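Letter by letter, the chains look like this.
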Amino acid sequence: PVSQGRPGAASEEGEGVTLNPKNAGAVSLFLDKARKRFQLVQEAESEQRKNEREDLRFRGKDQWSEEAQRERGGAAGGVQVPSRPMLSIDLIQQPDQLVYNQANKAELGVKLHPAGDNASDELVEVKQDLFRRIWRDGGFHVALMWAFDRAKKCGRGWFEVITRYDEDADLTGPGAFDQEIAARRILHQENVYMDPSAQEADFSDAKWAFVVAWVPLEDARRQFPKADLPESGAFDWMGTETQAPGWADKGRGEEGSILIARYWFKEIETETLCLLKDGRVVVKGEGQAYPADQIETERSREKVTVYVAKICGTQLLEEPQEQDGKYFRLIPVIGREQQPVDGKRLWEGLVRPAMNGQQFANYAATAMAEGMALEPKAPWVMPEGQDEGYEHEWQQSNVRNFPVLHYRPTALGDKLVPPPQRAQIDTSKMQLAMMAWN
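Residues numbered from 1 in each chain as written. Predicted model: local features only at pLDDT ≥ 70, side-chain atom pairs only at ≥ 80, totals over all residues. Heavy atoms only, no water.

Asker: Tell me about the environment of Asp387, and please be specific about residues and values.
Answerer: Looking at where Asp387 falls in the secondary structure, it is placed in the loop between β15 (380-381) and α10 (391-395). Sequence separation between Asp387 and Tyr407 is 20 residues; the distance between their C-alpha atoms is 5.3 Å. Apart from residues lying up to four places away in sequence, Asp387 is in contact with Met382 and Trp394. (Helix = DSSP H or I, 4+ residues; strand = E, 2+ residues; numbered from the N terminus. Contact = heavy atoms within 4.5 Å.)

Asker: Would you mind going over the confidence of the model for the protein chain in detail, with residue names and values included?
Answerer: Overall, the prediction assigns the protein chain a mean pLDDT of 86, with 88% of residues at 70 or greater. Across residues 1-14, confidence stays below pLDDT 50; counting only partners more than four residues off in sequence or on other chains, it has 35 contacts. (pLDDT = per-residue confidence, 0-100.)

Asker: Outline the pairing of strand β3 (residues 156-165), supporting the account with residue identities and numerical values.
Answerer: Side-chain direction in a regular strand flips from residue to residue, so the side chains alternate between the two faces of the sheet. Where β3 meets strand β12 (residues 330-334), five bridges bridge the pair, whose relative direction is antiparallel. Bridge assignment links Arg156 to a residue of β12, and that residue is Ile334. As paired elements, β3 and strand β4 (residues 179-185) share seven bridges and run antiparallel to each other. Pairing of Glu160 across the sheet is with Arg184, part of β4. (Pairing = 2+ DSSP bridges.)

Asker: So, the pattern of salt bridges: which residues are in play, and what are the values?
Answerer: According to the stated counting rule, one finds 29 salt bridges in the structure shown. One salt bridge in this structure joins Arg184 and Glu160, with 3.3 Å as the shortest N-O distance. Here Arg184 is found in strand β4, whereas its partner Glu160 is found in strand β3, with 24 residues between them in sequence. Arg184 gets classed as partly exposed once you look at its relative accessible area, which sits at 39%. When salt bridges that share partners are traced, they join Arg59, Asp90, Asp96, Asp149, Lys152 and Lys153 into one network. (Salt bridge = Lys/Arg side-chain N within 4 Å of Asp/Glu carboxyl O. Buried < 20%, exposed > 50% of the residue type's maximum accessible area, 1.4 Å probe, protein only.)

Asker: Would you mind going over the sheet that holds β3 in detail, with residue names and values included?
Answerer: Spatial strand order, β4-β3-β12: three strands in an open sheet with antiparallel pairing. Among the strands making up the open sheet, the edge pair consists of β4 and β12. Within this sheet the neighbouring strands show an average axis-to-axis angle of 30°, counted without direction. Strand contacts of helix α6 (residues 140-154): β3, β4 and β12, with the helix running at about 165° to β3, the strand carrying the most contacts. (Axes fitted to C-alpha atoms, helices over the stretch in contact; angles between N-to-C directions.)

Take a look at the structure:
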């Protein structure tokens, strides 16, 4: 990474504690690695994200396949035919809402317990009260339930932990700069991309992550006035697409849009902790050197520092800023994680296992409705000429209830032909549909 205390001095990793935007080589290396990582996670999660989109659309009442919609919408094999009904009777809504209500009433949170020699019930009670206050006033319940709603539908949801200034504090004193912990929901949770090499269920071992959004070019200029964004009409769309494919879209908005990402990454260093015989713990190589006879034991540990920067495909919009803690502030909410198949991690909610059953119910209900609609409209069978003079009655006989239907008697040779009769409709198909629906 870029060495600490040496702004703009880049190594082959392309990340760093300080990154001078004026050092074009360091910035280029940094952005190149970020783009490769983003492309990697897009490819690794393509199947999962396709499933998530299908699940959300299905739960959004789009429960008929595109092929079925085309055929029933009035076109079959390129031939125009009358449109047919497509009923969607949502059987997933009730269990979906039931699970949501149970989670909403569960008062989800963290329960603290004393652990360690210096812990006490009194201290835990104070910290628990602080946590309840943060949870209540920081919007954690709203953010969590938004992420939970997506997780139960398609398998994964996300929300973010943030710090913000306390605007209710006394702004005339030092309290004007007090900060509080809060949660923020992520409206488009599909825009969160996490390091696919992470092994833990909560992605706590992820080494990098992205939160992306398409921003119109005019808005990007306003948000990042110090960035080198060209004026209207001067943006090099072709060059940007060549250098950073997928990071710019000329067709979005009046002037086009660029993809802006909050790019989270970790800088990991290995250090050695030494337990001295007098009970102190020191870091080997820092400060005073201790002879071997004063060291009781030692072990190595990873020292993790988290940074976040804002980038677009070809520019560093905001330099990396160090974050508190050793974890990303992106919190996953998981529906159900499947056992990996062919090296791929997959997650699902309650929609995907119910899709086939829901489609079967929709087909059964639609077939029953079609049968009911066709049954009273059975065509009349009549010899030619029997409707002469009364065509208006017979043309409306299937949509109006006439008290009398007139017809002209006709003869075949010396015998009268029977009057018009209804054709018999096969109702067995509707009976099967009713059995399937029940």
